[in-house]
Amino acid sequence: MRLQLDKGQQALRDGVRELLARRFGPEALRDAVERPGRLDRELWRELGAAGFFALRLPESEGGVGLGLPEAVPVFEEAGRALLPGPLVATHLAAGRVPGAAEGDTVVAAALGGLLEWAEAADVVQGDTAGAVPLRSVDPLTPLHRLPGAAPVDPVAVLLTAAEQLGGAERTCELAVQHARTREQFGRPVGAFQAVQHLCADMLVRTRTARAAVHAAAVTGDPVDVHAARLLADEAAARNARDCLQVHGGMGFTWEFEVHLHLKRAWVRTRRAGPTTESEELLAAALLKGET
Amino acid sequence: MDLTHTPEEEDFRARLRAWLAEVLPTLPPPPSPDDWPGRRAYDLGWQRRLHDAGYGDVHWGASPTVRLIFLEETERAGAPYVGASFVGLLHAGPTIAAEGTDEQRERWLPPILRGDEVWCQGFSEPGAGSDLAALRTRAHRDGDHYVVNGSKIWTSHAEVADWCELLVRTDPGAPRHRGISWLAMRMDAPGVTIRPLRTLAGSTEFAEVFLDDVRVPVAHRVGAENDGWRVTMVTLSFERGTAFVGEVVACHRVLRELAAEARRNGRWDDPALRRALGGLHAEFRALWRLTQWNVGEAEHGGGVPGVTGSVLKLAYSHARQRLYDTAADVLGAQALDLDRPWVLDRLSSLSYTIAAGTSQIQRNIVAERILGLPKGR
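Residues numbered from 1 in each chain as written. Chains lettered and ligands numbered in written order. Predicted model: local features only at pLDDT ≥ 70, side-chain atom pairs only at ≥ 80, totals over all residues. Heavy atoms only, no water.

A. Examining the overall build of chain B more closely. The secondary structure content of chain B amounts to 12 helices and eight strands. Relative to the globule expectation of 21 Å for 377 residues, the C-alpha radius of gyration of chain B, 21 Å, shows essentially globular dimensions. The dimensions of chain B, computed from C-alpha atoms along their principal axes, are 70 × 45 × 45 Å. A burial count over chain B gives 53% of its 377 residues as buried. Look at the contacts in chain B between residues 6 or more apart in sequence, and 72% of them connect residues 24 or more apart. Of the charged side chains in chain B, 44 are positive and 50 negative; the average position of the first set lies 5 Å away from that of the second. (Helix = DSSP H or I, 4+ residues; strand = E, 2+ residues; numbered from the N terminus. Rg over C-alpha atoms; globule rule 2.2 N^0.38 Å. Buried < 20%, exposed > 50% of the residue type's maximum accessible area, 1.4 Å probe, protein only. Contact = heavy atoms within 4.5 Å. Lys, Arg positive; Asp, Glu negative; His and termini not counted. Charge placed at Lys NZ, Arg CZ, Asp CG, Glu CD.)

In structure tokens:
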């Protein structure tokens, strides 16, 4: 029994981390924010070539033939890097929409009453009647609102939770890095208990969410998936807020990336449908005597 | 990522489950919480049965995963808690096993495993709670004995204990972590006075212990003189390792009972209450997964168990308090009736963010020892 990544999963994660550091570092992130609504098609194809979209597609269908325990760490990396685009929708379309698996086709889909990246996508899936464009709070995610919300596939819920987890890990690291080096009153602010305790709570949230997300990747059980979703949403949004707080005035500026993490966390929180639905599902499971 | 068990582990689970199903119906009802001699007899009797069935040393003789399975299965089956055997089995025993001499192991371990003797913990003092190294109880050498003077507090099971794992200051001149020694003291030694402490839950769970010229043989010191702090850290890493596993499983059961009660009394119709129960279900599910994560880590190396345990303790102790606050929402006005289930548990849960290191101390540990932030002030 071991919820940690095995060697193959680590290698996969490291490969994606390396690719994103090279192709979507701080400069590219800034560029993307300055040019909202545009997707880097070349990067999309590189992701395709690296197996990002075809990861769970059977080898007989030209895919990599791996499962959720491999997809989860890969989507964690996307979340850490704030990689923009309809990643979950395209991943789910691999094998069903020509070109999606290779990254040649960008696929958007209605998920949880939201439609992300509709205009930049080549194919739009799901019932998108009555879609209304929004002035999106997240500069890296163009959005349409939909009148109804169909139930969301548990795999989409879990991969979104994995992205949230990556974001939570990243903002915890940013806060700790800052607290170690930023000096006030003649000492690093991380020496003050009030700041230490903010950081400690960020780590507790991250580790609890991480255990839940990894376990859900192994079992695929909807109750596990929705539990993981609630913990990961909470970790992503609250860690981003606490990271902002640790950075003080600097955290409130457009230049510093923490606001992008917070805004993306809010978008992803809606993607799996209302939080209440997950809570109701988990409450109902108590009555069924499941553990 | 892998949640499967080895065939040996599955076999252990099946044997234990079958044994519990056979034995539990034959157990007498548990004594009342204030019947101390009754509790001693009951808890030691349970340990004796575990020992005779071959499960006596599972807390320290087995792998982390087997320990996890043991705690999971005994809790699911509603088996008695470790109770008065806690300090012996989970603290003093493992410490003596790791740090004691052959003679000390021979003398103290078999009675713990057989359920013959109860141990209590003499660590905390009125001026040294979470700041354990501030302890002031003194011991000076007099021939082949130490003479001990001072007092201890929050000593669980003191009234029925045979032995006390006692931390004393043997070198007052040394830096505060350096001059401490770990002694095994008989609780019926002349000069030991026990005064029960009444907690806010109304129970006499703890006691104060006063020590006036108590003579402890030098041969009862575990580890070197003035090396007691290091010995203690060995003890504490046992305490934080898997201490909450059974309780996390128990919280799942309480949640199911709360849902059933809410269904029965009509509170289930309140969406806010259902959401609260659903949220707690997610949280305790995640805490169970975190436990599995920690055990996997302990089994495969990497990570200091005590430090990883701080993360679980922090999250668990707060979740437990929210659980019983939600129980009060289910109960309504009955939450004010001490005879209703969950009301005493709600009061007891207030100690969870204080005992075994406050949440504030745990956050300092996480910040400094895991995140590497500079030493706090």
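B. Expanded view of the pairing of strand β7 (residues 206-217) of chain B. Residue and element names in this part refer to chain B. Summarising the sheet, strand β3 (residues 145-152) and β7 pair through seven bridges and their orientation is antiparallel. If you follow V148 over to β7, its bridge partner there is V214. Inspection of the sheet shows strand β6 (residues 192-197) paired to β7 by six bridges, in the antiparallel sense. Directly across from P196, in β7, lies its bridge partner A207. (Pairing = 2+ DSSP bridges.)

C. The packing of helix α5 (residues 86-99) of chain B against helix α6 (residues 102-114) of chain B, seen in detail. Residue and element names in this part refer to chain B. In the contact formed by α5 and α6, the axes pass within 10 Å of each other and the chain directions differ by 155°. Classified by the interaxial angle, the pair formed by α5 and α6 is roughly antiparallel. Crossing angle aside, the handedness with which α5 passes α6 is left-handed. The segment α5 lies against α6, with G88, L89, G93, I96, A97 and A98 engaging Q104, R105, W108, L109, I112 and L113. Across the contact of α5 with α6, the residue classes break down as eight nonpolar, three polar and one charged. (Axes fitted to C-alpha atoms, helices over the stretch in contact; angles between N-to-C directions. Parallel < 35°, antiparallel > 145°, perpendicular 65-115°, else oblique. Left-handed = near helix turned anticlockwise from the far one by under 90°. Nonpolar A, V, L, I, M, F, W, Y, C, P; charged D, E, K, R; others polar.)

D. Here's a closer look at the packing of aromatic side chains. Residue and element names in this part refer to chain B. By the definition in use, this model includes 14 aromatic pairs over all chains. Relative to W119, the ring of W108 lies with its centre 6.0 Å away and its plane at 85°, an arrangement referred to as edge-to-face. One end of the pair, W108, is in helix α6; the other, W119, is in strand β1 (residues 119-122), with 11 residues separating them in the sequence. Take W108: its relative accessible area is 0%, and that puts it in the buried class. Assessed through its relative accessible area of 0%, W119 is described here as buried. The structure contains a cluster of three or more aromatic residues connected by ring pairs, namely F12, W19, W46, Y55 and F70. Above the face of the W36 ring, R39 is positioned so that its terminal group lies 4.5 Å from the ring centre. (Phe/Tyr/Trp six-rings, centres within 6.5 Å; stacked < 30°, edge-to-face > 60°. Lys NZ or Arg CZ within 6 Å of the ring centre and 35° of its normal.)

E. Structural context of helix α7 (residues 193-219) of chain A. Residue and element names in this part refer to chain A. Look at α7: 39 Å from first C-alpha to last across 27 residues, which is about the 39 Å you get at 1.5 Å a residue. Counting buried positions along α7 gives 20 out of 27 residues, so the element sits mostly inside the fold. Trailing α7 by a residue or two, G220 shows a phi angle of about 65°, which is positive. (Expected span 1.5 Å × (residues − 1).)

F. Here's a closer look at unusual backbone geometry. All names here are of chain B. The backbone of H157 sits at a positive phi, close to 65°, despite the residue not being glycine. Within the fold, H157 resides in the loop between β3 and β4 (163-169). Given a relative accessible area of 10%, H157 falls into the buried group. Phi at W342 is positive, roughly 80°, even though this residue is not glycine. Here W342 shows up in the loop between α10 (305-331) and α11 (343-349). Overall, the relative accessible area of 12% leaves W342 in the buried class.

G. Representation of the interface of chain A and chain B within the structure. Opposite the 55 residues of chain A that make contact, chain B presents 52 residues. Taken over both partners, the interface formed by chain A and chain B buries close to 4900 Å², and the fraction arising from carbon and sulfur atoms is 65%. Linking chain A with chain B are six salt bridges. Here chain A is connected to chain B by 17 residue pairs in polar contact (both at pLDDT 80 or more). (Buried area = accessible area lost by both parts, 1.4 Å probe. Salt bridge = Lys/Arg side-chain N within 4 Å of Asp/Glu carboxyl O. Polar contact = N/O pair within 3.5 Å; in protein donor to acceptor, adjacent residues only side chain to side chain.)

H. Fine view of the environment of S60 of chain A. Counting through the fold element by element, S60 of chain A comes out in the loop between α3 (41-49) and α4 (68-81). For the pair S60 of chain A and R145 of chain A, spaced 85 residues apart in sequence, the C-alpha separation works out to 37 Å.

I. Summary view of the pattern of salt bridges. Per the stated rule, a full pass over the model turns up 49 salt bridges over all chains. The partner of E173 of chain A in a salt bridge is R80 of chain A, and the shortest N-O contact between them spans 2.8 Å. With a gap of 93 residues between them, E173 of chain A in helix α6 (residues 154-181) and R80 of chain A in helix α4 connect regions that are remote in the sequence. Judged by relative accessible area, R80 of chain A falls into the buried class, the value being 12%. Salt bridges here are not isolated pairs; linked through shared partners, they connect E10, R13, R17, E72, E73 and R76 of chain B.

J. Spatial organisation of the sheet that holds strand β1 (residues 107-111) of chain A. Residues and elements named next belong to chain A. Pairing is mixed in the open sheet, where five strands are placed in the order β3-β1-β2-β5-β4. Among the strands making up the open sheet, the edge pair consists of β3 (123-125) and β4 (132-133). By the bridge criterion, three bridges tie β1 to β3 in an arrangement that is parallel. Bridge pairing in β3 links A108 to V124. Relative to the sheet, helix α9 (residues 258-271) contacts β1, β2 (114-116) and β5 (143-145), its axis offset from that of β2 by approximately 125°.

K. Highlighting the nonpolar core. One finds C199 of chain A together with W46, F284 and L323 of chain B to be the most contacted residues of the largest nonpolar core, which totals 82 residues. Sequence-distant contacts of W46 of chain B, that is, excluding residues within four places in its chain, are made with W19, L20, V23, L24, L27, A79, P80 and Y81 of chain B. Grouped together as the second largest cluster of nonpolar side chains are 66 residues, L19, L29, L68 and L140 of chain A included. (Core = buried A, V, L, I, M, F, W, Y, C linked by side-chain atoms within 4.5 Å.)

L. Layout of the packing of helix α8 (residues 222-247) of chain A against helix α9 (residues 271-300) of chain B. At a minimum axis separation of 9 Å, α8 of chain A and α9 of chain B run at an interaxial angle of 95°. As the angle between them shows, α8 of chain A and α9 of chain B are arranged roughly perpendicular. Along its contact with α8 of chain A, which presents V223, D224, A227, L230 and L231 of chain A, the element α9 of chain B presents H281, A282, E283, R285, A286 and R289 of chain B. Its residues assigned to classes, the contact of α8 of chain A with α9 of chain B comprises six nonpolar, one polar and four charged.

Everything listed is a geometric property; what it means functionally is a separate question.
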